[in-house]
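# Architecture at a glance
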Amino acid sequence: MAAITAAMVKELRMKTDAPMMECKKALTEADGDMAKAEEILRVKLGNKATKAASRIAAEGVVVIYTSEDRKLGALLEVNSETDFVAKNPEFIQMAKDAVRLVAEKNPADIAALSQLEVNGQTLEAVRTALVGKIGENMTFRRFERIEAKGTLSTYVHGSRIGVIVDLVGGDDEVGHDVAMHIAASKPKAIDETGIDPEAIAAERRIAIEKAREAGKPEAMLERIAEGSVKKFLKEVTLLNQPFVKNDKQSVGDLLKSHKAEVARYALYVVGEGLEKRSNDFAAEVAAQAAAAKA
């Protein structure tokens, strides 16, 4: 039997928002397997057990660059400790310079990006100087570069959500609508082929266990599971999602009606998967005042 530590319980609680004791019981039942414990909680608690995993924590911006012909583009997330810094003009300019370099220079990773130059200085030097000036850490977190098969369409919502879509066929209006839909509905893939088979298998297992607990006949379990998987895929795949501007039509149907297809897309949400500083501004000021007095 694997030892269940307080750190493991805390991690599962952060992922699921389930009560502490339920997390400990699930980990014990799963013999310490975090993924299996999460499944157990979903069976017991339903979708409540996944709400904490979707909470956005860190601050910063998502910026997008496209070439004039919209055949080349890039998406970049730059993080800061506070929303105040995320609105700083110099911080925003640094992010815009960086995303342009991603598109034009095609760096291999963040380390390579940091060594590219802007006005005779490396991005790392620009970042370090800005950190020293503002007094708050900031980091280049991730980027994606796209060479389009069709034409790139983009959508940015309040600098916190950014989408870039490679649309083959169709027109600018369709491209914009699909990008906006992705920002609103946050699909995990274009279609079923982009979904991890284990995620689909997990949905099937969870549906079967929930049906068993509800007393459904064994003969019905596979049919119930199939229905749950179809519902899951409709929720997480772009082509099967109801279009946000007309929920009677799927995104796939919208694209077909305009003889268009999505070759690729990228979606970034600021701070996704990161943990926010827990201290508030008032507490921070008080702490600084106390330190100065001391």
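Model, not experiment: these values are computed from the prediction.

### Describing the nonpolar core
- Formed by 22 residues in total, the largest nonpolar core has its most connected members in Leu76, Val78, Phe91, Met94 and Leu123.
- Among the secondary structure elements, those contributing two or more residues to this core are strand S1 (59-66), strand S2 (72-80), helix H4 (83-86), helix H5 (89-105), helix H7 (123-134) and strand S5 (138-147).
- For this core, the element with the highest residue contribution is H5, accounting for 8 residues.
- When neighbours within four sequence positions are excluded, Val78 is seen to be in contact with Glu59, Gly60, Val61, Phe91, Met94, Ala95, Thr139 and Phe140.
- Listed in part, the 20 residues of the second largest apolar core include Ala179, Leu254, Leu255 and Ala260.

### A short note on unusual backbone geometry
- The backbone phi angle of Asn106 is positive, close to 50°, even though this residue is not glycine.
- Position of Asn106 among the secondary structure elements: in the loop between H5 and helix H6 (110-114).
- Residue classification places Asn106 among the partly exposed positions, given a relative accessible area of 45%.
- A positive phi is found at Lys186, a non-glycine position, where the angle reads about 50°.
- The residue Lys186 is located in the loop between helix H8 (172-185) and helix H9 (197-213) in this model.
- Given the relative accessible area of 37%, Lys186 is considered partly exposed.

### Looking at H9
- Here H9 is 17 residues long and its end C-alpha atoms lie 25 Å apart, about the 24 Å a rise of 1.5 Å per residue gives.
- Every buried residue belonging to H9 is among Ile200, Ala202, Glu203, Ile206, Ala207, Ile208 and Ala211, and all of these are buried.
- If you check the start of H9, you find a side-chain oxygen 3.0 Å away from the backbone N of Glu198, and it comes from Asp196.

### Concerning the packing of H5 against H7
- In the contact formed by H5 and H7, the axes pass within 11 Å of each other and the chain directions differ by 165°. By the angle between their axes, H5 is roughly antiparallel relative to H7. As for how H5 packs across H7, the hand of that crossing is left-handed. Taken together, the residues of H7 that come into contact with H5 (itself represented by Glu90, Phe91, Met94, Ala98 and Leu101) are Leu123, Val126, Arg127, Leu130 and Lys133.

### Focus on the side chain of Ser250
- Among the structural elements, Ser250 can be located in strand S9 (residues 246-250).
- When residues no more than four places from it in sequence are discounted, the contact partners of Ser250 are Leu239, Asn240, Gln241, Pro242 and Phe243.

### Digging into the confidence of the model for the protein chain
- Confidence in the prediction of the protein chain, expressed as mean pLDDT, is 87, and 88% of residues score 70 or more.
- Within the model, pLDDT remains below 50 along residues 51-57, and this stretch shows 18 contacts once partners closer than five positions in the same chain are excluded.

### Brief notes about the pattern of salt bridges
- Counted by the stated rule, this structure contains 18 salt bridges.
- Taking the shortest distance from any N to any O, the salt bridge between Arg142 and Glu77 comes out at 2.6 Å. Of the two residues, Arg142 sits in strand S5 while Glu77 sits in strand S2, which places them 65 residues apart along the sequence.
- The class of Arg142 is partly exposed, set by a relative accessible area of 22%.
- With a relative accessible area of 0%, Glu77 lands in the buried category.
- The partner of Arg204 in a salt bridge is Glu226, with the nearest N and O atoms 3.3 Å apart. Here Arg204 is found in helix H9, whereas its partner Glu226 is found in helix H10 (residues 218-236), with 22 residues between them in sequence.
- You can call Arg204 partly exposed: its relative accessible area is 25%.
- Counted as one network, the salt bridges with shared partners bring together Glu77, Arg141, Arg142 and Glu272.

### Remarks on helix H2 (residues 20-29)
- Every buried residue of H2 is accounted for by Cys23, Ala26 and Leu27. Projected down its long axis, H2 shows its buried positions confined to an angular sector of 100°, all on one face. Opposite its buried face, H2 presents the exposed residues Met21 and Glu29, each directed more than 90 degrees away.
- In the segment just after H2, Asp31 is the residue with positive phi, at about 55°.

The rules behind the values
- Residues numbered from 1 in each chain as written.
- Predicted model: local features only at pLDDT ≥ 70, side-chain atom pairs only at ≥ 80, totals over all residues.
- Heavy atoms only, no water.
- Core = buried A, V, L, I, M, F, W, Y, C linked by side-chain atoms within 4.5 Å.
- Buried < 20%, exposed > 50% of the residue type's maximum accessible area, 1.4 Å probe, protein only.
- Helix = DSSP H or I, 4+ residues; strand = E, 2+ residues; numbered from the N terminus.
- Contact = heavy atoms within 4.5 Å.
- Expected span 1.5 Å × (residues − 1).
- Polar contact = N/O pair within 3.5 Å; in protein donor to acceptor, adjacent residues only side chain to side chain.
- Axes fitted to C-alpha atoms, helices over the stretch in contact; angles between N-to-C directions.
- Parallel < 35°, antiparallel > 145°, perpendicular 65-115°, else oblique.
- Left-handed = near helix turned anticlockwise from the far one by under 90°.
- pLDDT = per-residue confidence, 0-100.
- Salt bridge = Lys/Arg side-chain N within 4 Å of Asp/Glu carboxyl O.
- Arc of directions from axis to C-beta.

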